Structure formats: C-alpha cells, structure tokens
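Breakdown of the fold
Here are the chains, one letter per residue:
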Amino acid sequence: MELTRDMIRIDGDFSLNDEGTLVTAYIETWFDVEKKFGVNLNDDLDAGLNFYANYNVETDKLTCEYIVSKANSCVAYNYQPTAAETKLIAEMMQEACQDMHGCDLLDYANPMTMNM
C-alpha cells in the first residue's frame, strides 16, 4: 500500500534540530498503520504508533520513522518511503510550512535568510 495525499496530514508545528538542518514533522495517519508497518497494536490498549518525517534542508533528503509505544516500551523504526511517497511527503511539508509559517522549509530552518 503506497501512501497517498488523502491518507496523511502534515502537522505544521515542526521541530528543528540544534544545527538548523533537520526539520521534523508529525504525520497524521488516516490509514491502517498495522497493515502498512506490520505491527500489532490491537492487543494493547496503551499501544500507539507515531509517524514522523525528517527533511534535511542541506541535502534536500527526506527520511521517515515510526515509533511504536506500548505500556512498557517505546521503539523507533526507520521507514523507507517509496520515491512517490518521498515526493508527496516533501511537497506536503512545504505546503504545511507555507500555511503555518509563511515560508518554505529552507527559510524556516534558516530564518536569517528570510527578508534578504
């Protein structure tokens, strides 16, 4: 199952690493995460899955990860998006950045470049 625009939403409340190179966004999931990521959450009422995108403004690379939280554990996994998913998520992050912050991801990461 390949992710499509109607299956995800990008939360525009980004975080930025200390170096100002990596913008992280929470991805709201509107699909069966158990099927997509091969996890079983139904057995545990305290279980949850959080999906994140990390966009490196210096390399123009996007990576993803998901974190499975259960009552007594929390484990992060890398997710390798397809080329189409990478393009989609990067576009949606740019759109969310424009909507929420009025700039693109590069300017968000480097606010000193804005208004120059």
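Treat the numbers as computed from the prediction; the structure is a model and nothing was measured.

**What about the environment of Gln80?**
- For Gln80, the location among the structural elements is in the loop between β6 (73-79) and α2 (83-101).
- Taking relative accessible area as the criterion, Gln80 reaches 66% and is therefore assigned exposed.
- Sequence-wise, Gln80 and Thr21 are 59 residues apart; in three dimensions their C-alpha atoms are separated by 20 Å.

**A short note on the pairing of strand β3 (residues 22-29)**
- Pairing analysis gives three bridges linking strand β1 (residues 8-10) to β3, with the strands arranged antiparallel. Across the sheet, the residue bridging to Ile10 is Ile27, located in β3.
- Across two bridges, the pairing between strand β2 (residues 15-16) and β3 is antiparallel. Within β3, the residue paired with Leu16 across the bridge is Val23.
- What sits between β2 and β3 in their antiparallel hairpin is a turn of five residues, with Gly20 showing a positive phi close to 75°.

**Section: the pairing of β6**
- Bridge count between strand β5 (residues 61-70) and β6: seven bridges; the pairing is antiparallel. The partner of Cys64 across the bridge, within β6, is Tyr79.
- With antiparallel pairing between neighbouring strands as the criterion, β5 and β6 make up a hairpin whose turn holds two residues.

**So, the packing of aromatic side chains**
- For the coordinates displayed, the defined rule picks out eight aromatic pairs.
- Ring plane angle 75° and centroid distance 5.8 Å describe the contact between Phe51 and Tyr79, whose orientation is recorded as edge-to-face. Placement of Phe51 in strand β4 (residues 48-56) and of Tyr79 in strand β6 is noted, with a sequence separation of 28 residues between them.
- The exposure class of Phe51 is buried, given its relative accessible area of 0%.
- By the ring-pair criterion, three or more aromatic residues cluster together here, those being Phe31, Phe37, Phe51, Tyr66, Tyr77 and Tyr79.

Quick notes on the rules
- Residues numbered from 1 in each chain as written.
- Predicted model: local features only at pLDDT ≥ 70, side-chain atom pairs only at ≥ 80, totals over all residues.
- Heavy atoms only, no water.
- Helix = DSSP H or I, 4+ residues; strand = E, 2+ residues; numbered from the N terminus.
- Buried < 20%, exposed > 50% of the residue type's maximum accessible area, 1.4 Å probe, protein only.
- Pairing = 2+ DSSP bridges.
- Phe/Tyr/Trp six-rings, centres within 6.5 Å; stacked < 30°, edge-to-face > 60°.

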